[in-house]
Amino acid sequence: MTFTPAKWPRKLRSQEWFGGTGRDQIYHRGWMKNQGFTHDMFDGRPVIGILNTWSELTPCNAHLRDLAERVKNGVYEAGGFPVEVPVMSASESTFRPTAMMFRNLAALAVEETIRGQPMDGCVLLVGCDKTTPSLLMGAASTDLPSIVVTGGPMLNGYFRGERVGSGTHLWKFSEAVKAGEMSTEDFLEAEASMSRSAGSCNTMGTASTMASMAEALGMALSGNAAIPAVDSRRRVMAQMSGRRIVQMVKDDLKPSDVMTKQAFENAIRTNGAIGGSTNAVIHLLAMAGRVGVDLTLDDWDRCGRDVATIVNLMPSGKYLMEEFFYAGGLPVVLKHLGEAGLLHKDALTVSGETMWDQVKDVVNHNDDVIRPVEKALTAQGGIAVLRGNLAPKGAVIKPSAASAHLLQHRGRAVVFEDIDDYKAKINDDALDIDETCVMVLKNCGPKGYPGMAEVGNMGLPPKILKKGITDMVRISDARMSGTAYGTVVLHTSPEAADGGPLAVVRNGDFIELDVGARTIHLDISDEELAARLKDWTPNIEKQASGYAWLHQTHTRGADTGADLDFLVGCRGAPVGRDSH
Ligand code: FES
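Summarised in this report is the structure supplied together with it. (Residues numbered from 1 in each chain as written. Predicted model: local features only at pLDDT ≥ 70, side-chain atom pairs only at ≥ 80, totals over all residues. Heavy atoms only, no water.)

### Details of the overall build of the chain
Condition: Secondary structure elements are defined from DSSP: runs of H or I of at least 4 residues count as helices, runs of E of at least 2 residues count as strands, and each element is numbered from the N terminus. Here the radius of gyration uses the C-alpha set of atoms, whereas the globule reference equals 2.2 Å times the residue count to the power 0.38. Burial classes follow relative accessibility: with a 1.4 Å probe on protein chains only, a residue under 20% of its type's maximum area counts as buried, one over 50% as exposed, and anything between as partly exposed. All accessibility values rest on the Shrake-Rupley procedure with a 1.4 Å probe; residue burial counts only the protein chains present in the view. Asp and Glu count as negative and Lys and Arg as positive, but His and the ends of the chain are not part of the count. Charge placement uses NZ in Lys and CZ in Arg. For Asp and Glu, CG and CD serve respectively.
Of the regular secondary structure elements, the chain holds 20 helices and 14 strands. In terms of overall dimensions, the chain is globule-like: its C-alpha atoms have a radius of gyration of 24 Å, near the 25 Å expected for 580 residues. Overall size of the chain, expressed as C-alpha extent along the three principal axes, is 80 × 55 × 50 Å. Buried residues in the chain amount to 62% of all 580 residues. Of the roughly 21,400 Å² of accessible surface on the chain, 50% is carried by carbon and sulfur atoms. Averaging the coordinates of the 60 positive side-chain charges in the chain and doing the same for the 70 negative ones gives two points 4 Å apart.

Rendered as structure tokens:
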């Protein structure tokens, strides 16, 4: 990838606010000086916005103010002027109805925060699931030089000598309680062991996946993804990123220079190798839309199909992010992909070097954590994209988190019309269901929920869990937590609330899943399906006002990334108009 740095020095965007002796410039500078900034901070040096998703209600990002100070040090060292700016923080663990509904709102806010204010470059301080894609989307829309610094994962959890993975063990323990294998008292005791340090989920859940995606895209410095939140090297990474963004501004190295089609293909293959979250599918599609890269669900299947999952981390495997870091982290995985011919080696990164230059000399320090291909967790990792009369626009499944014996399965549908219907029926022993059935959940897509909640890995009925059965085929238009597992078909498109075929599945229908053949089929005739769809009427609650209305009215389908239709594309970062 050829990149020609811009000439330096030159007049930067921030000088429209701060440069000169006119009334307006004095107004902009003078008010800033009430914070004690010296006059030379406004002399034309790069102004770096440190966009911080710190919030005490986003516990995974609660340590980011400390990291922001480290970034500032780096920016000052490189001759820039850092300004810390809070941006919307959508926490996965607290935001209702689901953080995903606010990814696009946060991206919109970030975009306008950048566009309307005197910044020449941005450091994106992120961590919890949605914060990473939302800031990357906002930055991509403005195309101002930007670099990602994630907060890093929590340390390993341990309960009675065993590793406890964020989220993954929450689902496991909760099922064990339902099955009568774990007491509520033990569950409460385990709670205290789950989150024992600052940081994001310590599994290869969505936060770790998106940190890995940022690195694989080339938008973070090499090695960023896996450094634990409390490791001193996380602070060093923040400081180095602060130094680097100043040079990126001087060079005018923009997101569109880095986030190319090749970069997205590298990220998709990386997702397969790490056994990453299905949520990455939606986020990468949305991010690609912001930079004008033509990325589709078919690219996910094409690029991911032959990638073996070699990272032995929960939920697909055994270890946690701390061990991934000690083994060498994502650079080792990228080197493996390069050696296997599965990496665009010359893809540019924010370092100014190619991806291959960054990773070619790294060493794997633990080949049980990052395995050789011969000992891969699954030979065909990646995300499988399914199609058929039940999902004309596609659905996804993560084979590495599924049960091998269910990857080809035909079963009787047990239908839940929405999440409330599911909650009302699932614990009833009279529910007509056995382990060969296919659980179908409707109206949990981008419009239906609204926001597309992580409920696709719906828990099994207690009467089945008590038999020792831990997995069944489940199909929905919802998402699933990256920390979850099971034979779970997700993102079925078009969604039920939009009149997709999922809307007309009935109890007693038969459904055929064949992951190898990439098919999902509702076993009724074309005529019957057409007749049912003709009679279908929406039965979701229509949002009357506010952001929920905006989201429900304008969200695109999961198959294209569920971005708001009017936010797709890059609008650049023109200088804000002066109102004074
Ligand atoms: Fe925040 Fe998992 S809940 S990273």
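Once the structure has been displayed, the description carries forward.
### A look at the sheet that holds strand β1 (residues 47-52)
Put simply, the rule is: Strands are treated as partners if at least two bridges between them are detected by DSSP. Axis definition: a line fitted to C-alpha atoms, limited for helices to the stretch in contact. Angles are taken between N-to-C directions and run from 0 to 180 degrees.
Sheet architecture is open: four strands sit in the order β2-β1-β3-β4, paired in parallel fashion. A strand with exactly one partner marks an edge of an open sheet, and here the two such strands are β2 (81-86) and β4 (146-150). Going across the sheet, the axis of each strand differs from the next one's by a mean of 20 degrees, ignoring polarity. In terms of strand pairing, β1 meets strand β3 (residues 121-126) through five bridges, oriented parallel. From the neighbouring strand, isoleucine 50 faces β3, where its bridge partner is valine 123.

### As for helix α15 (residues 330-339)
Given 3.6 residues per turn, any residue in an α-helix points the same way as the ones three and four places further on. Where we set the bar: Note on contacts: a residue pair qualifies if any of its non-hydrogen atoms lie within 4.5 Å across the two residues.
Counting buried positions over the ten residues of α15 gives nine, a clear majority of the element. For α15, the complete set of buried residues consists of Leu330, Pro331, Val332, Val333, Leu334, Lys335, His336, Leu337 and Gly338. Tucked into the core, α15 has its buried residues touching α8 (206-217), α11 (261-274), α14 (321-327) and α16 (355-359). Two residues or fewer past α15, glycine 341 is found with a positive phi of approximately 75 degrees.

### Regarding unusual backbone geometry
Cis peptide bonds are those with omega within 30 degrees of zero, and the linkage from tryptophan 8 to proline 9 qualifies with 5 degrees. Here proline 9 lies in the segment before α1 (15-18). Omega for the peptide link from tyrosine 449 to proline 450 comes to -10 degrees, which places this bond in the cis form. Relative to the helices and strands, proline 450 is located in the loop between β10 (438-441) and α18 (462-465). Although it is not a glycine, histidine 491 adopts a positive phi angle of roughly 60 degrees.

### As for the nonpolar core
For clarity, the threshold we go by: Side-chain atoms within 4.5 Å are what join buried Ala, Val, Leu, Ile, Met, Phe, Trp, Tyr and Cys residues into a set we call a nonpolar core.
Of all hydrophobic cores here, the largest spans 101 residues; its most connected members are Leu51, Phe264, Leu284, Trp300 and Phe324. Of the residues forming this core, the biggest block, eight residues, is contributed by helix α12 (residues 279-291). Filtering out sequence-adjacent residues up to four positions away, phenylalanine 264 remains in contact with Leu217, Met259, Leu284, Met287, Ala288, Val291, Val293 and Leu295. Counting 26 residues, the second largest nonpolar core, distinct from the first, contains Val438, Ala503, Leu513 and Leu522.

### Some details on the environment of arginine 196
The criterion, for reference: Whenever a nitrogen or oxygen atom comes within 3.5 Å of another N or O atom, the pair is scored as a polar contact, on the condition that within protein one atom can donate a hydrogen and the other can accept it, and that pairs from neighbouring residues in sequence are kept only if both atoms are in side chains.
Along the chain, arginine 196 falls in the loop between α7 (184-194) and α8. Distance from arginine 196 to asparagine 156, taken between C-alpha atoms, is 7.7 Å for residues 40 residues apart in sequence. In this structure, arginine 196 is in contact with Met154, Leu155, Asn156, Gly157 and Glu322, ignoring residues within four places of it in sequence. Here the side chain of arginine 196 touches asparagine 156 through a polar contact of 2.6 Å, landing on its backbone oxygen.

### Regarding the side chain of glutamine 239
Within the secondary structure layout, glutamine 239 lies in helix α9 (residues 232-251). Within polar-contact distance, the side chain of glutamine 239 engages the side chain of glutamate 77 at 2.7 Å. Dropping the residues within four chain positions of it, glutamine 239 is found in contact with Arg70, Val71, Asn73, Gly74 and Glu77.

### Overview of the packing of α11 against α15
The criterion, for reference: The labels follow the angle: roughly parallel below 35 degrees, roughly antiparallel above 145, roughly perpendicular from 65 to 115, and oblique for the rest. Crossing chirality is assigned from the near helix's rotation relative to the far helix, an anticlockwise turn below a right angle marking it left-handed and a clockwise turn marking it right-handed. Think of it as three bins: nonpolar holds Ala, Val, Leu, Ile, Met, Phe, Trp, Tyr, Cys and Pro, charged holds Asp, Glu, Lys and Arg, and polar takes everything else, Gly as well.
As a packed pair, α11 and α15 sit with axes 10 Å apart at the nearest point and diverge in direction by 110 degrees. Relative to α15, the element α11 lies roughly perpendicular. Crossing hand, α11 versus α15: right-handed. On α15, the residues that touch Arg269, Thr270, Ala273 and Ile274 of α11 are Leu330, Val333, Leu334 and Leu337. Split by residue class, the contact of α11 with α15 holds six nonpolar, one polar and one charged.

### Some remarks on the packing of aromatic side chains
Put simply, the test is: Pairing of aromatic side chains here covers Phe, Tyr and the six-membered ring of Trp, requires ring centres within 6.5 Å, and sorts the geometry by plane angle: under 30 degrees stacked, over 60 edge-to-face, intermediate tilted. By definition here, charges over rings are those cases where NZ of Lys or CZ of Arg is within 6 Å of the ring centre and within 35 degrees of the ring normal.
Applying the stated criterion across every chain, the model contains ten aromatic pairs. Relative to phenylalanine 81, the ring of phenylalanine 37 lies with its centre 4.8 Å away and its plane at 75 degrees, an arrangement referred to as edge-to-face. Taken together, the residues span a long stretch of sequence, with phenylalanine 37 in the loop between α2 (23-32) and β1 and phenylalanine 81 in strand β2 at a distance of 44 residues. Accessibility expressed as a relative area gives 19% for phenylalanine 37, which makes it buried. Here the basic side chain of arginine 65 rests over the ring of tryptophan 54, its NZ or CZ set 5.4 Å away from the ring centre. The ring centre of tyrosine 485 lies 4.9 Å from the NZ or CZ of lysine 172, which sits over that ring.

### Digging into the pairing of strand β12 (residues 488-493)
The element β12 is largely enclosed, with a buried count of six among its six residues. Taken together, the two bridges between strand β8 (residues 391-397) and β12 define a ladder with antiparallel strand orientation. What sits directly across from valine 396, in β12, is leucine 490. Pairing of strand β11 (residues 473-476) with β12 involves two bridges; the strand directions are parallel. When the bridges of β12 are listed, isoleucine 475 appears paired with valine 489.

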